[in-house]
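If you want the building blocks of each chain, they are given just below.
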Amino acid sequence: GESVGLHLPTLSVQEGDNSIINCAYSNSASDYFIWYKQESGKGPQFIIDIRSNMDKRQGQRVTVLLNKTVKHLSLQIAATQPGDSAVYFCAERKTSYDKVIFGPGTSLSVIP
Amino acid sequence: GAVVSQHPSWVICKSGTSVKIECRSLDFQATTMFWYRQFPKQSLMLMATSNEGSKATYEQGVEKDKFLINHASLTLSTLTVTSAHPEDSSFYICSRTGLPKGYGYTFGSGTRLTVV
C-alpha cells in the first residue's frame, strides 16, 4: 500500500504557546492538501484543507500554509491547549477523485 | 455524531481464524469507500478502494486473497482478514469521500485487531 515515511517526529510545546507542525509532501502534481488530527485509538479527524491555488487558509485557531516551490505544508495552532495533544498528519491528493495519501505524522505533546 | 461507523472497535482472534470488520456510511450513500491500515507509531497506509457492486482495487503489495473486501450496498463495506496471523495485528480504519465541506475523507473510528 501507499504511505509516506515510517517514523513519527515529536513536538512538545507549552500550553498557551503557538505550535507549528511541518510537512514535506511528495507529489508536485498534488492539488489538494489536508491536515488531520488523530487521538490515541481513534480514527483521523479533519482539521483544515487547502487547494494548491492558495498559499494560506485560516480556520478556528488553525492556519495552513502551503509553499509549492519547496513542496512544504505547515499547520499553525494558536494558543495550544492540552486537548490539542495528538498525532497530526498532512495528506495529499492529486485531484478531488484521487486517493488520499498520508504523510508520516507528527506527535504533538502539550505541556500544562 | 459519527457519520462513518466501524464495528467492532476492537477484536482479539486466534491465529488462523478469520475476522470481519464492518464500515457503514450513516449520512449518505457511498459508492466508494477506503480501507487503511496503521501500525503503532506509523502513518496510515491505504490498503484498498472498495467499490459498490464491483471488485475492490488493492494497493501494490496488499494481498487481495487475504484481505477480502465486499461492498454489497451503498452504505456498507466489509473487510475480512482471512487466516489471520500475528503480523496482521494492526489498527484498521475505513473511510469514505466527502465531508460537510472539504477535500478529504471522513474516517471511521478504527478497529484494533490483535491476533494471538
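In this report, the structure presented in the accompanying data block is examined. From a predicted model like this one, the values you see are computed outputs, not experimental measurements. (Residues numbered from 1 in each chain as written. Chains lettered and ligands numbered in written order. Predicted model: local features only at pLDDT ≥ 70, side-chain atom pairs only at ≥ 80, totals over all residues. Heavy atoms only, no water.)

### Points about the overall build of chain B
Looking only at helices and strands, one finds zero helices and 11 strands in chain B. In chain B, the succession of helices and strands from N to C terminus is β-β-β-β-β-β-β-β-β-β-β. Its C-alpha atoms give chain B a radius of gyration of 13 Å, within 12% of the compact-globule value 13 Å for 116 residues. With the C-alpha coordinates of chain B rotated into their principal frame, the extents come out at 40 × 30 × 25 Å. For chain B, buried positions account for 50% of its 116 residues. Sequence-distant contacts, at least 24 apart, represent 52% of the contacts inside chain B between residues at least 6 apart. Carbon together with sulfur atoms contributes 53% to the accessible area of chain B, which is approximately 5,600 Å² in total. Side chains of chain B carry 11 positive and 8 negative charges; the gap between the two charge centres is 5 Å. (Helix = DSSP H or I, 4+ residues; strand = E, 2+ residues; numbered from the N terminus. Rg over C-alpha atoms; globule rule 2.2 N^0.38 Å. Buried < 20%, exposed > 50% of the residue type's maximum accessible area, 1.4 Å probe, protein only. Contact = heavy atoms within 4.5 Å. Areas by Shrake-Rupley, 256 points an atom, 1.4 Å probe, with all protein chains shown as cover. Lys, Arg positive; Asp, Glu negative; His and termini not counted. Charge placed at Lys NZ, Arg CZ, Asp CG, Glu CD.)

### Points about the sheet that holds strand β5 (residues 56-58) of chain A
Residue and element names in this part refer to chain A. Taking strand neighbours across the sheet as the criterion, the four strands line up as β2-β7-β6-β5 in an open arrangement whose pairing is antiparallel. Of all the strands in the sheet, the pair left with one neighbour each is β2 (19-24) and β5. In this sheet, neighbouring strand axes are inclined to one another by 15 degrees on average, regardless of whether the strands run parallel or antiparallel. One ladder, built from six bridges, connects strand β6 (residues 62-67) with strand β7 (residues 72-77); its direction is antiparallel. Bridging from a neighbouring strand, L66 pairs with L73 of β7. (Pairing = 2+ DSSP bridges. Axes fitted to C-alpha atoms, helices over the stretch in contact; angles between N-to-C directions.)

### Observations regarding unusual backbone geometry
One can expect most non-glycine residues to show negative phi and most peptide bonds to be in trans. With an omega dihedral of 0 degrees, the bond running from H7 of chain B to P8 of chain B counts as a cis peptide bond. Relative to the helices and strands, P8 of chain B is located in the loop between β1 (4-7) and β2 (10-13). In this structure, K71 of chain A is a non-glycine residue whose phi angle is positive, near 55 degrees. One non-glycine residue with positive phi stands out, namely K41 of chain B, at about 60 degrees. Note on placement: K41 of chain B falls in the loop between β4 (32-38) and β5 (44-51).

### Here we look at the side chain of Q6 of chain B
Residue and element names in this part refer to chain B. Residue placement: Q6 occurs in strand β1. With a relative accessible area of 7%, Q6 lands in the buried category. Polar side-chain contacts of Q6 include one of 2.6 Å to the backbone oxygen of Y92. Side-chain polar atoms of Q6 contact the backbone nitrogen of G110, separated by 3.1 Å. Apart from the residues lying within four places of it in its own chain, the contact partners of Q6 are I21, E22, W35, Y92, I93, C94, G108, S109, G110 and T111. (Polar contact = N/O pair within 3.5 Å; in protein donor to acceptor, adjacent residues only side chain to side chain.)

### A look at the pattern of salt bridges
Pairs can form between side chains of opposite charge once their charged atoms are near each other. Residues and elements named next belong to chain B. According to the stated counting rule, one finds eight salt bridges over all chains in the structure shown. The partner of K66 in a salt bridge is D88, and the shortest N-O contact between them spans 2.9 Å. Linking K66 in the loop between β6 (57-58) and β7 (67-73) with D88 in the loop between β8 (76-81) and β9 (90-97), this pair joins segments that are 22 residues apart in sequence. (Salt bridge = Lys/Arg side-chain N within 4 Å of Asp/Glu carboxyl O.)

### Remarks on the nonpolar core
W35, F67, L79, Y92 and L113 of chain B are the most contacted members of the largest nonpolar core, which totals 22 residues. Mapped onto this core, the elements with two or more residues apiece are β2, β3 (19-25), β4, β5, β7, β8, β9 and β11 (111-115) of chain B. When residues in this core are grouped by element, the largest group, three residues, is from β3 of chain B. Not counting residues within four places of it along the chain, the set of residues in contact with F67 of chain B comprises R37, M47, Y58, V62, L79, T80, V81, D88 and Y92 of chain B. Counting residues in each nonpolar core, the second largest holds 19 residues, with I48, V62, Y88 and L108 of chain A among its members. (Core = buried A, V, L, I, M, F, W, Y, C linked by side-chain atoms within 4.5 Å.)

Shape is all these values report; function is a separate question.
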